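Each chain, letter by letter, is given below.
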Amino acid sequence: MSLNTDRVYSSYYEAMEEKVKTRYLEKLDILGEGVSDPYTFDVVESRSLSDMPSIEYPDIYNYLINTPSPYTKEELKSYKSLMGYKYLLAGWVSNISVHKILSENCDKLVVLARVRHSQSVSAPPLIPWIAAENNGTILCAHCTCMAGLGEACSHISALLFAAEAHTKLAQETSCTSESCKWLPPSMQKVKFAPISDIDFCAPVTKRRKLMKPLQPIKLSSISRSSIVPVSSPCKDEMAM
Ligand SMILES: [Zn+2]
């Protein structure tokens, strides 16, 4: 595989063994022609993660368990890496940043993060990256830990679960957190009224009454005694 001259490579790449470099270049090709090594991207805390791919649990399972290993060609079956979920819960994932890569066929996204080392708290954090499509399909991944070369370590898993948590949050935001999107208009003023005119029914009963279809009034149900005779209009009323 020839080196793409448009790409910018990180010092991390330069220090790799030749066999590892070959596979790393294959992954850069998946990102697109001329796309630089993600380790040259800025890893900064991103507050707006609106571009995060819509990764859901089946996408994570498909990737970590069912994807064929580039080395053995057998399914990764990395059940142990699913414990990366615990890393996320422990707050070990930070500095998440999303980078958009525009290509001819589809938009690809690269997500980077820092994940704390499980073996040593004082050791520098590991930096996994994942590449995915907008719809959550995971294309490939990498991590700076030794197991990360196998592309299914718990740090990659932790980053995937962070993306999944974001997807869930975004879905919940759409129906409950936007400015009263699903609520009826709020009451502006409460008017004074005699207690006999106030409806003390529970909201559920009020809604039931409101939704009840109107029944036509049967004239026969009105008693004759309730009919008040109407007098003829006076001269003033006629003039109006
Ligand atoms: Zn790792």
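Model, not experiment: these values are computed from the prediction.

It is worth spelling out the overall build of the protein at this point. Scanning the protein for helices and strands turns up seven helices and four strands. Moving toward the C terminus, one meets the helices and strands of the protein in the order α-α-α-α-β-β-β-β-α-α-α. Looking at the 240 residues of the protein, the share that counts as buried comes to 23%. Look at the contacts in the protein between residues 6 or more apart in sequence, and 60% of them connect residues 24 or more apart.

All right, on to helix H3 (residues 57-66) then. Restricting attention to buried positions, one finds in H3 the residues Asp59, Ile60, Tyr63 and Leu64. Down the axis of H3, the buried side of the element spans an arc of 110°, and every buried residue falls inside it. Across from the buried face of H3, at angles greater than 90 degrees, the exposed residues are Pro58 and Asn66.

Taken across its eight residues, strand E2 (residues 108-115) has eight buried, putting it largely inside the fold. The two faces of E2 match: Lys108, Val110, Leu112 and Arg114 on one face and Leu109, Val111, Ala113 and Val115 on the other face are all buried. Relative to E2, strand E1 (residues 93-101) runs antiparallel, the two sharing seven bridges. The partner of Val98 across the bridge, within E2, is Val111. In this structure, E2 lies alongside strand E3 (residues 129-133), joined through five bridges in antiparallel fashion. By the bridge assignment for E3, Leu112 is matched with Trp129.

Another aspect to go through is the environment of Lys80. With respect to the element layout, Lys80 can be found in the loop between H3 and helix H4 (84-89). Between the alpha carbons of Lys80 and Leu64 there is a distance of 9.4 Å; along the sequence they are 16 residues apart.

Further remarks concern the pairing of strand E4 (residues 138-142). With four of its five residues buried, E4 lies for the most part within the structure. Bridging between E3 and E4 involves four bridges; their strand directions are antiparallel. Bridge pairing in E4 places Ala132 opposite Ile138. Turn length for the E3-E4 hairpin, with the two strands adjacent in sequence and antiparallel, is four residues, and the turn residue Gly136 shows positive phi of about 100°.

Looking now at the sheet that holds E3. An order of E1-E2-E3-E4 is seen for the four strands of this open sheet, with the pairing classed as antiparallel. Edge positions in the sheet fall to E1 and E4, since each has one partner strand and no second. Neighbour-to-neighbour, the strand axes of the sheet open up by a mean angle of 15°, direction not taken into account. Where helix H2 (residues 18-31) meets the sheet, its contacts fall on E1, E2, E3 and E4, and the angle it forms with E4 comes to roughly 140°.

Quick notes on the rules
- Residues numbered from 1 in each chain as written.
- Predicted model: local features only at pLDDT ≥ 70, side-chain atom pairs only at ≥ 80, totals over all residues.
- Helix = DSSP H or I, 4+ residues; strand = E, 2+ residues; numbered from the N terminus.
- Buried ≥ 20, exposed ≤ 12 C-beta atoms within 10 Å, placed from the backbone.
- Contact = placed C-beta atoms within 7 Å.
- Arc of directions from axis to C-beta.
- Pairing = 2+ DSSP bridges.
- Axes fitted to C-alpha atoms, helices over the stretch in contact; angles between N-to-C directions.

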